[in-house]
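# Structure assessment
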Amino acid sequence: MSLVFYGIAGLSVAGALAAVLLKNTVHCALALTVAFAGLALLFLELDAQFAGFAQILIYIGAVAILVVFAILLTRGSETPKDGVYSHHPLVGLVAAAGIFAALGWAVLRSTAVLPGPGGAPTAKPTVTVMDIGNALMGRYVLPLEIVALLLTAALIGAVIVAMHEKDGTQ
Amino acid sequence: MNPLTGYLLVAALLFAIGLAGALTRRNAILVLIGIELMLNAANLNLIAFWRYGPHPEALTGMMFAIFSIAVAAAEAAVGLGLVISIHRHAHTTDLDAMNRMKG
């Protein structure tokens, strides 16, 4: 576990905490961008260059911008008078803490060893974008087509749902 | 501590933070942000298992993560479209105020 890992992990967790805890919604969206960037760096640290850059393009470039647009369109940056948390925030916090405790217990108690010799990590995988393209066009071509269909349907659905309606008529 | 454990713990922490946000915030957009964080934590798990698993050249975990990113993008678009639509009808994004199915 290198210092780089701890730095990036700390950045992601700090960004995620700020995105959840801050009062101003616009600040939350900016903190969310920091968390996404930290996760992209973690992907790069894991030698998954393609996924890391896809994360930057899709999450920072599209999802974060979409969130900011939604906040500005709904005037969500105004802090509500009666607080930003639900009536029973303790229930949610206890549920989240319980799930983290269960996951952490399972991870730390796991007896699985890494597949390398003597439980060491395997050598750095040499995966090029060409390999990923070949896999997408070969073994994973059906899921790829289904995702294409899903994205088209989601695009049309989102436009229809958010389209401006005149009073009473579509 | 082996490297996989570290990544899995970070992913579990991010998932818990996202879940706490989705369960405790009142603004619908902040709930969606929490869900995005949870999806990203799952992606981190997939990539970590791909990197430290027995056959990284088979690309299974990587493909899972890429498809998961695509589905999450579609989810974000539809979810935020719904929030904007609800805001147009009810003039609020407060989830406690959204208590009617009929518009």
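Everything below is about the structure printed above this text.
Everything in this summary refers to the structure shown in the same document. For every chain, the first residue of its written sequence is number 1, and the numbers climb from 1 along that sequence. Each chain takes a letter, starting from A, and each ligand takes a number, starting from 1, following the order in which they are written. Reporting in this predicted model follows two pLDDT cut-offs: at least 70 for local features of residues, and 80 or more for side-chain atom pairs to be given and counted; totals over whole chains, interfaces and linings ignore these cut-offs and use all residues.

Helix and strand assignments come from DSSP, with helices taken as H or I runs of at least 4 residues and strands as E runs of at least 2, each series counted from the N terminus. Helices and strands together make up the secondary structure of chain B, namely 3 helices and 0 strands. For chain B, the sequential pattern of α-helices and β-strands runs α-α-α. Our radius of gyration looks at C-alpha atoms and nothing else; its globule reference is 2.2 Å times the residue count to the power 0.38. Relative to a compact globule of 103 residues, whose C-alpha radius of gyration would be 13 Å, chain B shows 17 Å and is clearly more extended. Seen through its C-alpha atoms, chain B measures out along the principal axes to roughly 55 × 25 × 15 Å. For the exposure call, what matters is how many other C-beta atoms sit within 10 Å of a residue's own: 20 or more marks it buried, 12 or fewer exposed, and in between partly exposed, using C-beta atoms placed from the backbone. In chain B, which comprises 103 residues, the proportion classed as buried is 57%. Residues are treated as contacting if the C-beta atoms built from their backbones sit within 7 Å of each other. Pairs at least 24 apart in sequence give 48% of the contacts found in chain B among residues at least 6 apart.

Scanning chain A from N- to C-terminus turns up 6 helices and 0 strands. When the elements of chain A are put in sequence order from the N terminus, they spell out α-α-α-α-α-α. For 170 residues, the compact-globule estimate of 2.2 N^0.38 gives 15 Å, and the C-alpha radius of gyration of chain A, at 21 Å, exceeds that figure by more than 25%. The principal-axis extent of the C-alpha atoms belonging to chain A is close to 65 × 45 × 25 Å. A total of 170 residues make up chain A; the buried ones form 22% of that total.

A set of buried residues qualifies as a nonpolar core if it consists of Ala, Val, Leu, Ile, Met, Phe, Trp, Tyr and Cys joined through C-beta atoms within 7 Å. One finds A:Leu32, A:Val67, B:Leu44, B:Ile47 and B:Met62 to be the most contacted residues of the largest nonpolar core, which totals 71 residues. Put simply, the parts of the chain that give this core at least two residues each are α1 (3-21), α2 (25-45), α3 (49-73), α5 (129-137) and α6 (141-162) of chain A together with α1 (3-24), α2 (28-52) and α3 (60-90) of chain B. Per-element tally for this core: the top contributor is α2(B), with 15 residues. Apart from the residues lying within four places of it in its own chain, the contact partners of A:Val67 are A:Ala29, A:Leu32, B:Ile29, B:Ile33 and B:Leu80.

A common measure of how large an interface is: the accessible area buried when the components associate. Every contact between the two is made by 64 residues of chain B and, on the other side, 69 residues of chain A. Taken together, the elements giving at least two residues each to the side of chain B that touches chain A come down to α1, α2 and α3 of chain B. The biggest single contributor to the side of chain B that touches chain A is α3(B), with 20 residues. Side-chain classes follow a simple rule in which Ala, Val, Leu, Ile, Met, Phe, Trp, Tyr, Cys and Pro form the nonpolar group, Asp, Glu, Lys and Arg form the charged group, and the remainder, Gly included, forms the polar group. Residue classes in the side of chain B that touches chain A are distributed as 43 nonpolar, 14 polar and 7 charged.

Below, the discussion takes up the environment of B:Pro54. With respect to the element layout, B:Pro54 can be found in the loop between α2 and α3. Along the backbone, B:Pro54 and B:Met1 are 53 residues apart, and their C-alpha atoms lie at a distance of 19 Å.

Turning next to unusual backbone geometry. Residues and elements named next belong to chain B. The phi torsion at Leu59 lies on the positive side, around 65°, for a residue other than glycine. Take Leu59: it is sitting in the loop between α2 and α3. Located in the positive-phi region is His91, a residue other than glycine, with phi close to 55°. Mapped onto the elements of the fold, His91 is located in the segment after α3. Classification of His91 as exposed rests on a count of 10 C-beta atoms within 10 Å.

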